[in-house]
Number of protein chains: 2
Amino acid sequence: MTSRTLRVLGIDPGLTRCGVGVVDVARDRSATLVHVGVIRSAVDDPIERRLATIAAGIRAVVAEHGPAVVAVERVFAQHNRSTVMGTAQASGIALLVAAEAGLPAATHTPSEVKAAVTGYGAADKRQVQTMVARVLRLDALPQPADAADALALALCHAWRTPASTPAAGGGLTPAQRAWAEAESRSKSPTRVARTKIRTGA
Amino acid sequence: MTSRTLRVLGIDPGLTRCGVGVVDVARDRSATLVHVGVIRSAVDDPIERRLATIAAGIRAVVAEHGPAVVAVERVFAQHNRSTVMGTAQASGIALLVAAEAGLPAATHTPSEVKAAVTGYGAADKRQVQTMVARVLRLDALPQPADAADALALALCHAWRTPASTPAAGGGLTPAQRAWAEAESRSKSPTRVARTKIRTGA
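Everything numeric here is computed off the predicted structure, so don't read it as measured data.

S.K.: Before we go on, may I ask you to explain the interface of chain A and chain B in this structure?
M.R.: Interfaces are often described in size by the accessible area the parts lose on coming together. In this assembly, 25 residues from chain A lie in contact with 25 residues from chain B. For the pair chain A and chain B, the summed buried area comes to about 2,000 Å², and 66% of that belongs to carbon and sulfur atoms. Put simply, the parts of the chain that give the side of chain A that touches chain B at least two residues each are α1 (47-65) and α2 (81-100) of chain A.

S.K.: What should I look at first to understand the UniProt feature "active site" (unreviewed entry) in chain A in this one?
M.R.: Residue and element names in this part refer to chain A. The feature "active site" (unreviewed entry), as annotated in UniProt, sits at Asp12, Glu73 and Asp146 in this numbering. For the residues just named, distributed over 135 residues, the greatest C-alpha separation is only 10.9 Å, placing them together at one site. Relative accessible area serves as the criterion here: at 8%, Asp12 is assigned to the buried category. Ignoring any residue separated from it by four or fewer positions in sequence, one finds Asp12 in contact with Arg17, Cys18, Gly19, Glu73, Asp146, Asp149, Ala150 and Leu153. Tracing the sequence through the fold places Glu73 in strand β4 (residues 69-73).

S.K.: What am I meant to see in the relation of the copies chain A and chain B here?
M.R.: Two copies of one chain are present, and they are related through a rotation about an axis combined with an axial shift. Expressed as a screw transformation, the operator carrying chain A onto chain B has a rotation angle of 180 degrees and an axial translation of 0.0 Å, and the superposed copies differ by an RMSD of 0.0 Å. Taken together, the rotation and translation describe the operation of a two-fold axis. Taking C-alpha positions as the reference, the residue of chain A nearest the rotation axis is A:Gln89, at 2.3 Å. The residues that chain A uses at the interface reappear at the interface of chain B in 100% of cases, marking a shared surface.

S.K.: Is there a simple way to explain the sheet that holds β4(A) in this structure?
M.R.: Residues and elements named next belong to chain A. Read across the sheet, 5 strands follow the order β3-β2-β1-β4-β5 without closing on themselves; strand pairing throughout is mixed. The open sheet has two edge strands with one neighbour each: β3 (31-40) and β5 (105-108). Taking the axes of each pair of neighbouring strands and ignoring which way they run, one obtains an average angle of 20 degrees across the sheet. Across 4 bridges, the pairing between strand β1 (residues 5-12) and β4 is parallel. Looking across to β4, one finds that Ile11 is bridged to Val72. The sheet strands contacting α1 are β1, β2 (17-26) and β3, and the helix crosses β3 at an angle near 155 degrees. The sheet strands contacting helix α5 (residues 145-160) are β1, β2, β3, β4 and β5, and the helix crosses β2 at an angle near 35 degrees.

S.K.: Explain the sheet that holds strand β1 (residues 5-12) of chain B here, please?
M.R.: Residues and elements named next belong to chain B. Strands sit in the order β3-β2-β1-β4-β5 across an open sheet of 5 strands; the sheet is mixed. Looking at strand neighbours, the two that pair on one side only are β3 (31-40) and β5 (105-108), the edges of this open sheet. Direction aside, the axes of adjacent strands within the sheet are offset by 20 degrees on average. Relative to β5, strand β4 (residues 69-73) runs parallel, the two being bridged by 4 bridges. When the sheet's bridge partners are listed, Val72 is paired in β5 with Thr107. Running over the sheet, helix α1 (residues 47-65) touches β1, β2 (17-26) and β3 and is turned about 155 degrees from β3. Against the sheet, helix α5 (residues 145-160) contacts β1, β2, β3, β4 and β5, and its axis sits at roughly 35 degrees relative to β2.

S.K.: Would you mind showing me how to read the nonpolar core here?
M.R.: In a soluble, globular protein the nonpolar side chains are often hidden away together inside. Among the nonpolar cores identified, the biggest contains 50 residues, and A:Leu9, A:Ile11, A:Ile58, B:Leu9, B:Ile11 and B:Ile58 are the most heavily contacted of them. Contacts of A:Leu9, omitting those with residues within four sequence positions, involve A:Val20, A:Gly21, A:Val22, A:Ile58, A:Val61, A:Val62, A:Pro67, A:Val69, A:Val70, A:Ala71 and A:Ala154.

S.K.: It is not clear to me how the UniProt feature "binding site: Mg(2+) 2" (unreviewed entry) in chain A should be interpreted in this structure. Could you clarify?
M.R.: This chain's UniProt record puts "binding site: Mg(2+) 2" (unreviewed entry) on A:Glu73. Once you skip the residues sitting within four places of it in the chain, A:Glu73 turns out to touch A:Ile11, A:Asp12, A:Pro13, A:Ser91, A:His108, A:Pro110 and A:Leu153.

What counts as what
- Along every chain, residues carry numbers that run from 1 in the direction the sequence is written.
- Following the order in which they are written, the chains are lettered starting with A and the ligands numbered starting with 1.
- Whole-chain, interface and lining totals are the exception, using all residues; otherwise, since this is a predicted model, local features are given only for residues with pLDDT of at least 70 and side-chain atom pairs are given and counted only at 80 or more.
- Working from all heavy atoms in the structure, the side-chain values ignore hydrogens and water.
- A contact between two residues is defined here by any heavy atoms of the two lying within 4.5 Å.
- Buried area counts how much accessible surface, traced with a 1.4 Å probe, disappears from two parts once they are put together, with both parts' losses summed.
- Counting from the N terminus, the helices are DSSP H or I runs at least four residues long and the strands are E runs at least two residues long.
- UniProt positions are given in the numbering used here, feature names are shortened, and annotations may be inferred rather than shown by experiment.
- We call a residue buried when its accessible area falls under 20% of the maximum for its residue type, exposed when it is over 50%, and partly exposed in between, using a 1.4 Å probe and counting protein chains only.
- Superposing the copies works by least squares over the C-alpha atoms of residues that have pLDDT at least 70 in both of them.
- Between any two strands, pairing holds if DSSP finds at least two bridges.
- Lines fitted to C-alpha atoms define the axes here, with helix axes fitted over just the stretch in contact, and angles between the N-to-C directions of these axes take values from 0 to 180 degrees.
- Among buried residues, those of type Ala, Val, Leu, Ile, Met, Phe, Trp, Tyr and Cys that are joined through side-chain atoms within 4.5 Å constitute a nonpolar core.

Okay, here's the thing in structure tokens:
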């Protein structure tokens, strides 16, 4: 990581699987994978132990990779009721770990993340995974989806941060460039609306 | 605290006001107030700082009073939408602090707490405050309601714990005894149904 890059830890909060992804994003908005993983807690552990497992896992990633900022997915009450409370609790843990490490934290909604990464706020998980793999020049799609979502969150945060201003590239973000390339290669019409591409700036 | 008492920390989770109450509960189910308070976080602080303030406050209570167990109110998604996510995050923090202090934690629903303390699962806040004050022999009602709720949670947990078996008192819990006494003193008919008194055992 150089002074010209922003290292972001993205966290897709969850009790059973908590996605964590660290990326370095340069001023020209290009991005490099630093770390990706999933912190798991045992379903039959008591809730307080599960949250402690998540906290320990996130603290280990912070200690090892030294992000400058933590981005956490914002959880809404109207989501899947059976798991939303655990997800909210895990998100609280993620934010606490950030604060106690002296790091700023930010939350982004799923549609903000999808719009920043794919140019389309209603993109499906596969589209997000594909774009994350393309932007980070990965040979395979990041698995599981929680890991890809964590990377997407980190990219979203970096690209939405004003300090990381757009540079070369015809005014396109890496996501938009990759998307345009993918489209030009594609034989079939894209299923994704392009009328509302957001730069994430 | 003697070996015959159980020291319980009850936590009514919240971002703006997080109630904390510590009680010693004896084998005969009588209870003594050890500590009661409210941890506040500033509404205009970033969420991660607010959660860190809550965590620090709970850790301080644990360190000072050494509870044997932590009881936290269970949060439901269908509650007040505007604050439920913050409440869920604060409850996650409370559970994490318990686990990291090596303490067991338990959650109880609001109606379980009301039933254990007042004998009536739909009791209102005033009834809960009144019973908490009576059981703990307080001169005034605990204020604010969050503090009373935290004490009620702690009492609920102790009384529902099998180790704290019923002893003398005609088979009545202290809550039931106090309730019966209050009723016998009352000139007006009680508004509270008594047909479904739960012992909390």
